[in-house]
Amino acid sequence: MDKLTIQVSTDADHRGQSLHDYLLMSFNTTLHNSSLACQRYKGHWEITLGRANPQSNKSNKSKKDWQDAVFTALAEYILEHFEEDILRGMIRKDKRYSLEETEEVLQYCRQLEQISDTIPAHKEEHAHGRARRSRLVVADLTACCEAQSFLNLDGFIRFRINKYGAELKEMIEYASDEYLMDQQYKEFISLLRYFVYIQESRIPVAHIMHKGGHEFLLLNEQMKPIDTTELDTTFKVEFLDKDYNLEDLIVSTLITIAPERVYIHTRDPELAVIKTITQIFENRTEICPYCRHCSPFLDQLGHKNQLSP
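Overview of the structure. Along each chain, residue indices are assigned from 1 in the same order as the chain's sequence is written. Local features in a predicted model are, by the rule used here, given only for residues with pLDDT of at least 70; side-chain atom pairs are given and counted only at 80 or more, and totals for whole chains, interfaces and linings are based on all residues. As a rule here, side-chain values come from all non-hydrogen atoms in the structure, and water together with hydrogens is ignored.

1. Regarding the layout of surface pockets
Computed from the structure, the largest pocket encloses a volume of approximately 450 Å³. Along the walls of the largest pocket sit 15 residues, with Ile86, Lys93, Ile157, Arg158 and Ile161 positioned nearest its centre. Elements with a contribution of two residues or more to the lining of the largest pocket: helix 3 (83–93), helix 6 (153–159) and helix 7 (162–198). Looking at the lining of the largest pocket, its residues break down into 6 nonpolar, 3 polar and 6 charged. Both site types are read off a 1 Å grid over the protein atoms alone. A 1.4 Å probe that fits but cannot get out defines a cavity, while an open set with protein on both sides within 12 Å along at least five of seven lines defines a pocket; lining residues have an atom within 4 Å of a point. Grid points are joined across faces, edges and corners, and a volume is the space filled by probe spheres set on the points. Going along the chain from the N terminus, every DSSP run of H or I of four or more residues is numbered as a helix, and every run of E of two or more is numbered as a strand. Note on residue categories: nonpolar means Ala, Val, Leu, Ile, Met, Phe, Trp, Tyr, Cys or Pro, charged means Asp, Glu, Lys or Arg, and polar means any other residue, Gly included.

Written out as structure tokens, the structure reads:
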């Protein structure tokens, strides 16, 4: 293929103009050996790319390299200007989601993209994230233009993104799962928060001593261990079957005794269980990185860390 004519509809986003400008900018890098012509008609643009002096070098390799460069430039343009709308349209096809929920799932897709872009790819064919999606678009473009030198960009995006579309569907499935799990988690936290709200406080203060990792001590206001064997276990039995990553004993005990204040003594406030406790008890909680009560535990932890290899 020595020439490709791209037709793109004229719309409010001026995509025809932006595609022309994008390809023109690419001339300085990958498309420097190309010619570019653009005609604007009523309702659409036609942009024609041609390989400069195709007769001067008849090698198949040179022709294929030029084609790959054109398709790579188009793929990057599609990812930049169309991908979000494609994802949004795919999510909207799932009747479960409202307009607001669609945008939330789309945000999870963006987060997955950011995560996948940080994963190192040891081989080109196993690349992750944007680079992988770009290659899939190139593969779809190659298949679409195999027997013709004309590309209707809007039709291609709507009907011919096979490999790329499958990748986006997989991304949406993961994003939807994460979104639904987070919604269930928020509902569960809300339920626990309500349970604490209606509970009568049994003690004024509870101290959580985080000794490191998943090792905790639960103390009362007199800095004595709280005897969990004397507590009503109804809540514990009813709720601990929930599939959440919580330190069940600590959380269920705190909810059962519903202390007026919860002091969390820790050097790792980002630990999942600590964040969960602060979400449940909200303004009742206070994070303490170091005080006279917790210094023996935290000093011991620091000493261990210094001795560890």
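2. A closer look at the packing of aromatic side chains
The rule is short: rings of Phe, Tyr and Trp, with Trp giving its six-membered ring, pair when the centres are within 6.5 Å, and they are stacked under 30 degrees, edge-to-face over 60, tilted in between. Enumeration according to the criterion identifies 4 aromatic pairs in this entry. Ring centres 5.8 Å apart and planes at 80 degrees place the aromatic pair Tyr108 and Tyr179 in the edge-to-face group. Placement of Tyr108 in helix 4 (residues 99–117) and of Tyr179 in helix 7 is noted, with a sequence separation of 71 residues between them. Tyr179 shares its class with Tyr108; the two are buried. Taken together, the aromatic side chains of Tyr22, Tyr77 and Phe82 make up a single cluster linked through ring pairs. The criterion is that NZ of a Lys, or CZ of an Arg, lies within 6 Å of the ring centre and within 35 degrees of the ring normal, and then a charge sits over that ring. Here the guanidinium or amino end of Arg261 rests over the ring plane of Tyr263, the centre of that ring lying 5.7 Å away. Here the term buried applies to any residue with accessible area under 20% of the maximum for its type, exposed to any over 50%, and partly exposed to those in between, with areas from a 1.4 Å probe on protein chains only.

3. A look at the sheet that holds strand 5 (residues 205–212)
In this analysis, strands are considered paired if DSSP registers two or more bridges between them. The mixed open sheet is built from 4 strands, whose spatial order is 6-5-7-8. Edge strands, defined here as strands with exactly one partner in the open sheet, are strand 6 (215–220) and strand 8 (285–288). Ignoring strand direction, the axes of neighbouring strands in this sheet form an average angle of 20 degrees. For strand 5 and strand 7 (residues 261–265), the ladder comprises 5 bridges, and the chain directions are parallel. Note that in strand 7 the partner of Ala206 across the bridge is Val262. Lines are fitted to the C-alpha atoms to define the axes, a helix being fitted only along its stretch in contact, and any angle between axes, read from their N-to-C directions, falls within 0 to 180 degrees.

4. Here we look at the sheet that holds strand 1 (residues 3–9)
Taken together, 4 strands build an open sheet; the order of strands is 2-3-1-4 and the sheet is mixed. Unpaired on one side and paired on the other, strand 2 (34–41) and strand 4 (150–152) mark the two borders of the sheet. When the angles between neighbouring strand axes are averaged without regard to direction, this sheet yields 15 degrees. In this fold helix 1 (residues 15–26) packs onto strand 1, strand 2 and strand 3 (44–51), with an angle of close to 15 degrees to the strand it touches most, strand 3. Any two residues having at least one pair of non-hydrogen atoms within 4.5 Å are treated as being in contact.

5. A closer look at the packing of helix 5 (residues 129–144) against helix 7
Remark: helix 5 packs on helix 7, axes separated minimally by 6 Å, with the N-to-C direction vectors making an angle of 145 degrees. Here helix 5 contributes Arg132, Arg133, Leu136, Val137, Ala139 and Asp140 to the contact with helix 7, which in turn contributes Asn162, Lys163, Tyr164, Glu167, Leu168 and Met171.

6. Digging into the side chain of Thr266
Counting through the fold element by element, Thr266 comes out in the loop between strand 7 and helix 10 (272–281). At 2.7 Å, the side chain of Thr266 forms a polar contact with the side chain of His210. Every residue in contact with Thr266, bar those within four places of it in the chain, is listed here: His210, Ile274, Ile287, Cys288 and Pro289. Any pair of N or O atoms that falls within 3.5 Å is considered a polar contact. Within protein, one atom must be able to donate a hydrogen and the other to accept it, and sequence-neighbouring residues count only if both atoms are side-chain atoms.

7. Concerning the pattern of salt bridges
A pairing counts as a salt bridge when a side-chain nitrogen of Lys or Arg comes within 4 Å of a carboxyl oxygen of Asp or Glu. Enumeration over the complete set of coordinates arrives at 17 salt bridges. The closest approach of N and O atoms between Lys63 and Asp2, which form a salt bridge, is 4.0 Å. With Lys63 in helix 2 (residues 60–81) and Asp2 in the segment before strand 1, the pair connects residues that are 61 residues apart, well separated along the chain. Between Asp68 and Lys64 there is a salt bridge; the shortest N-O distance is 2.8 Å. One end of the pair is Asp68 and the other is Lys64, both in helix 2 and 4 residues apart, which spans about a single turn. Under the relative-accessibility criterion, Asp68 is labelled partly exposed at 23%. A network of salt bridges, in which partner residues are shared, links Glu84, Asp85, Arg88, Glu103 and Arg110.

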